[in-house]
Amino acid sequence: MAITLAVDCMGGDHGPSVTLPAIVEFLRHDTDCAAILVGREEVLRPQAEALKVEFGSRLLIRHASEVVA
């Protein structure tokens, strides 16, 4: 059964610099899962591209215009 996770990439102490690589690594190991990256797209997309992430059916960005500080 496929599982899709929605992950607040802007949260935590270090934000997307930690959450994004962790999600990418998770998806590499678990091919039955997918992830939705939730956060500011203008921040997430460049960092994902630097990691050579391919977006598609298993990895999407859901833009969130606001971030809770």
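Here, the structure is the one placed above.
Residues numbered from 1 in each chain as written. Predicted model: local features only at pLDDT ≥ 70, side-chain atom pairs only at ≥ 80, totals over all residues. Heavy atoms only, no water.

**Points about the overall build of the chain**
Looking only at helices and strands, the chain features 2 helices and 3 strands. Put simply, the chain runs from its N terminus to its C terminus through helices and strands in the order β-α-β-α-β. Relative to the 2.2 N^0.38 estimate, which gives 11 Å for 69 residues, the radius of gyration of the chain is 11 Å and therefore close to what a compact globule would have. In terms of principal-axis extent, the alpha carbons of the chain reach across some 35 × 25 × 20 Å. With 69 residues in all, the chain has 29% of them scored as buried. Long-range contacts, defined as pairs at least 24 residues apart, comprise 61% of the intrachain contacts of the chain with a sequence gap of at least 6. Accessible surface computed for the chain: about 4800 Å², of which carbon and sulfur atoms make up 55%. Across the chain, the 6 positively charged side chains and the 10 negatively charged ones have centroids separated by 5 Å. (Helix = DSSP H or I, 4+ residues; strand = E, 2+ residues; numbered from the N terminus. Rg over C-alpha atoms; globule rule 2.2 N^0.38 Å. Buried < 20%, exposed > 50% of the residue type's maximum accessible area, 1.4 Å probe, protein only. Contact = heavy atoms within 4.5 Å. Areas by Shrake-Rupley, 256 points an atom, 1.4 Å probe, with all protein chains shown as cover. Lys, Arg positive; Asp, Glu negative; His and termini not counted. Charge placed at Lys NZ, Arg CZ, Asp CG, Glu CD.)

**Description of the environment of Asp8**
One can find Asp8 in strand S1 (residues 3–8). The sequence separation of Asp8 and Ile36 amounts to 28 residues, and the corresponding C-alpha distance is 8.7 Å. Every residue in contact with Asp8, bar those within four places of it in the chain, is listed here: Thr19 and Val38. Engagement of the side chain of Asp8 in a polar contact is seen with the backbone nitrogen of Met10, the distance being 3.1 Å. A polar contact of 3.4 Å, which involves the side chain of Asp8, links it to the backbone nitrogen of Gly11. (Polar contact = N/O pair within 3.5 Å; in protein donor to acceptor, adjacent residues only side chain to side chain.)

**Here's the deal with the side chain of Thr19**
Its place among the elements puts Thr19 in helix H1 (residues 16–29). Since its relative accessible area comes to 19%, Thr19 is described here as buried. Contact partners of Thr19, with chain neighbours within four places excluded, come to Asp8 and Cys9.

**Some words on the sheet that holds S1**
Ordered by their spatial adjacency, 3 strands build an open sheet running S1-S2-S3, and the pairing between neighbours is parallel. Among the strands making up the open sheet, the edge pair consists of S1 and strand S3 (59–63). Shown here is a sheet whose adjacent strand axes are inclined to one another by a mean of 20°, direction ignored. Pairing geometry for strand S2 (residues 33–39) and S3, over 5 bridges, is parallel. The partner of Gly39 across the bridge, within S3, is His63. Contacts between H1 and the sheet are confined to S1, S2 and S3, with S2 contributing the most and set at about 165° to the helix. Helix-sheet contacts for helix H2 (residues 41–50) involve S2 and S3, and the interaxial angle to S3 is about 155°. (Pairing = 2+ DSSP bridges. Axes fitted to C-alpha atoms, helices over the stretch in contact; angles between N-to-C directions.)

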